[in-house]
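# Inside the fold
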Amino acid sequence: MSSRGYCMGGKMKEAYDCLVIGGGPGGALAAKTAAEKGLSVLLIEKRPAIGAPVRCAEGIGKEALAEFIEPDPKWVAADLDKAILIGPDGTKFTIGGDHAGGKVGYVLDRKVFDRELVWQAAEAGAEIQVHARASAPIMIDGKVSGAIIHQHGQTYEVRAKVVIAADGVESKFAKWAGINTTVPLAELETCAQYILNDIDIDERANLFYFSFDAAPWGYIWVFPKGHRCANVGIGIAGTKSGDGHRAKDYLDRFIAREFPNGKITELIVGGVSACKPLESTVADNLIIVGDAARLSDPITGGGIYNAMYTGRLAGEVAADAVKNGDTSKKALMIYDKTWREGSLGHALARNYAVKEAFIKMDDNKLNSIIHSMSDLSLDDISVKALVKEIFKANPWLALELPRLLRAL
């Protein structure tokens with residue numbers, strides 16, 4: 001690997017064409033794309049190491065990943081051929097298996113995967129600075145013009161023609177720049193996840209447990225990470241969290257029941273937005289990508305693909321805008337319009353409607369739905385195909401959820 005541009009402590013310059021805030025998949029793709037198109041690029045990551053700590057279940061579809069990078073055994077922790085949905089009473093419904101053609105997905109090792117993406121950005125010419133935290137935007141005439149950056153006890157004022165905010169669900173930069181990024185508490189999933197070892201699992205299947213009682217307004221997941229090892233986690237609505245019934249409390253009860261002899265080697269806690277995207281994901285000289293733009297999937301909370309797609313798109317739009325000498329909100333709106341009117345935007349809108357329809361159902365209704373699907377064989381693993389089959393098997397849903405049926 002070339003070390004070109006890979007700076008881990010040298011002094012930052014005073015100005016760049018593009019400043020990328022955040023070293024996750026979205027930021028890495030944005031920096032790589034902008035650098036490949038000839039921009040001078042600085043990517044900053046507030047943590048001292050790219051990819052750590054991992055705050056993600058680490059799953060992604062195979063076809064989705066193939067849009068950006070070829071799989072590599074060094075960062076593929078598990079190769080999946082099916083997903084299993086499990087109802088409150090334990091009834092199971094399998095998606096994929098022999099019918100999926102090997103398409104289902106991977107569980108990644110994000111600590112290695114994220115570093116690979118950032119290294120690719122560096123090879124493309126982007127400068128990388130870790131342990132570098134943006135504390136405020138530089139605003140000139142009400143427009144973002146760079147950022148105040150703190151690193152190793154020093155403060156830098158870095159100007160940029162375009163800033164790409166890829167700083168995740170906890171994003172502060174866009175808010176500081178005047179964007180309303182508030183996530184309603186009911187749509188902020190509070191999450192806890194263990195890496196659990198020495199457990200009996202199907203190493204080629206992701207498990208999803210649905211139960212209002214066991215995971216209110218959310219679900220529990222078991223994602224394999226190799227031999228007898230898995231990410232075991234839970235997400236619940238923020239409004240359902242409180243003393244004695246926080247995400248970790250629900251997760252501990254699940255593990256005591258399902259994996260009482262499992263060995264815990266890591267605990268991760270955090271939040272995931274399950275809301276609608278920001279009303280606008282651009283402003284003058286500013287583009288917002290991935291989780292920072294509230295683009296995680298409202299059903300699953302997954303955001304790796306969405307971050308990579310919008311990161312690459314942001315890099316392309318930023319490069320064109322800089323070369324054209326116009327980085328105004330109007331010029332950058334092609335970014336917002338492209339993802340919103342494309343397949344990603346349509347999927348987010350549909351999945352938000354699905355989430356709102358199903359996530360609050362009680363356990364009796366959830367059991368009824370899973371039971372009705374036990375004899376089905378589903379070749380298409382998409383959410384749209386799954387929900388259509390649910391409606392076919394449960395005609396009573398058409399009366400309860402007519403708006404969702406029309407949307408499908």
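Residues numbered from 1 in each chain as written. Predicted model: local features only at pLDDT ≥ 70, side-chain atom pairs only at ≥ 80, totals over all residues. Heavy atoms only, no water.

### Some points on the pairing of strand 12 (residues 188-197)
Every other side chain in a regular strand lies on the same face of the sheet, so the side chains alternate between the two faces. Put simply, the rule reads: Buried means the residue's accessible area, taken with a 1.4 Å probe over protein chains only, is under 20% of the maximum for its type, while exposed means over 50%, and partly exposed covers the values in between. Helix and strand definitions here come from DSSP, where helices need a minimum of 4 consecutive H or I residues and strands a minimum of 2 consecutive E residues; each element is numbered from the N-terminal end. Strand pairing is assigned whenever DSSP identifies at least 2 bridges connecting the two strands.
In terms of residue burial, strand 12 counts as a mostly covered element, since 7 of its 10 residues are buried. Here strand 12 pairs with strand 15 (residues 229-237) via 9 bridges, running antiparallel. Across the sheet, the residue bridging to Ala192 is Ile234, located in strand 15.

### Focus: the confidence of the model for the protein
We count it as follows: pLDDT runs from 0 to 100 and stands for how confident the predictor is about each residue. By definition, residues are in contact when any of their heavy atoms lie within 4.5 Å.
Across the protein, pLDDT averages 90, with 92% of residues at or above 70. A low-confidence stretch, residues 1-9 stays under pLDDT 50, and its non-local contacts, those more than four residues away or across chains, total 24 contacts.

### A short note on a positive patch on the surface
Selection rule: Each patch is built from residues lacking any salt bridge and having more than 30% relative accessible area; the joining distance is 9 Å for like charges and 5 Å for nonpolar side chains (Val, Leu, Ile, Met, Phe, Trp, Tyr). Per-residue accessibility takes into account occlusion by the displayed protein chains alone, with areas from the Shrake-Rupley method and a 1.4 Å probe. We define a salt bridge as a side-chain nitrogen of Lys or Arg found within 4 Å of a carboxyl oxygen belonging to Asp or Glu. Residues scored as charged are limited to Lys and Arg (positive) and Asp and Glu (negative), so that His and the chain ends carry no count. Charge coordinates come from a single atom per side chain, which is NZ of Lys, CZ of Arg, CG of Asp or CD of Glu.
A cluster of basic residues, Lys46, Arg133, Lys172 and Lys175, forms a positive patch on the protein surface. You can see Lys175 is positioned in helix 4 (residues 173-176). Residue class for Lys175 comes out exposed when judged on its relative accessible area of 56%.

### Focus on the environment of Gly303
In this structure, Gly303 sits in the loop between strand 18 (286-288) and helix 6 (304-324). Along the backbone, Gly303 and Ala136 are 167 residues apart, and their C-alpha atoms lie at a distance of 25 Å.

### Quick look at the pattern of salt bridges
Applying the stated criterion to the full structure yields 21 salt bridges. Between Glu187 and Lys355 there is a salt bridge, with the nearest N and O atoms lying 3.2 Å from each other. Note that Glu187 is positioned in the loop between helix 4 and strand 12 and Lys355 in helix 8 (residues 343-358), a separation of 168 residues in sequence. When sorted by exposure, Glu187 lands in the same class as Lys355, which is buried. Ionic pairing is found between Asp198 and Arg228, a salt bridge with its closest N-O pair at 3.0 Å. Placement of Asp198 in the loop between strand 12 and strand 13 (205-209) and of Arg228 in the loop between strand 14 (219-224) and strand 15 is noted, with a sequence separation of 30 residues between them. Taking the relative accessible area as the measure of exposure, Arg228 reaches 25% and is therefore partly exposed.

### Brief notes about the sheet that holds strand 7 (residues 105-108)
Taken together, the 3 strands give an open sheet; going across it, the order is 3-7-4, and neighbouring strands pair in antiparallel fashion. The strands lining the two open edges of the sheet, one partner per strand, are strand 3 (59-60) and strand 4 (76-80). Here strand 3 runs beside strand 7; their pairing, made up of 2 bridges, is antiparallel. Bridge pairing in strand 7 places Gly59 opposite Val107.

### Concerning the packing of helix 8 against helix 10 (residues 383-393)
As a reminder of what qualifies: Axis angles are defined between N-to-C directions and span 0 to 180 degrees, where every axis is a line fitted to C-alpha atoms and, for a helix, only to the segment in contact. The scheme is simple: roughly parallel for angles under 35 degrees, roughly antiparallel for over 145, roughly perpendicular for 65 to 115, oblique for anything else. Should the near helix be turned counterclockwise from the far one by less than a right angle, the crossing is left-handed, whereas a clockwise turn marks it as right-handed. Note that Gly is not counted as nonpolar here; it falls among the polar residues with everything else outside the nonpolar set of Ala, Val, Leu, Ile, Met, Phe, Trp, Tyr, Cys and Pro and the charged set of Asp, Glu, Lys and Arg.
One can describe the packing of helix 8 onto helix 10 by two numbers: an axis separation of 11 Å at closest approach and a directional angle of 40 degrees. When the axis of helix 8 is compared with that of helix 10, the two are oblique. Once helix 8 is placed against helix 10, the crossing between them reads as left-handed. The residues of helix 10 that touch helix 8, namely those facing Arg350, Asn351, Val354 and Phe358, are Val383, Lys384, Val387 and Ile390. Taken together, the residues of the contact of helix 8 with helix 10 break down into 5 nonpolar, 1 polar and 2 charged.

### Focus on the side chain of Glu58
By the element assignment, Glu58 lies in the loop between strand 2 (41-45) and strand 3. Residues contacting Glu58, with those up to four places away along its chain left out, are Tyr106, Val107, Leu108, Asp109, Arg110, Lys225, Asn231 and Ile304.

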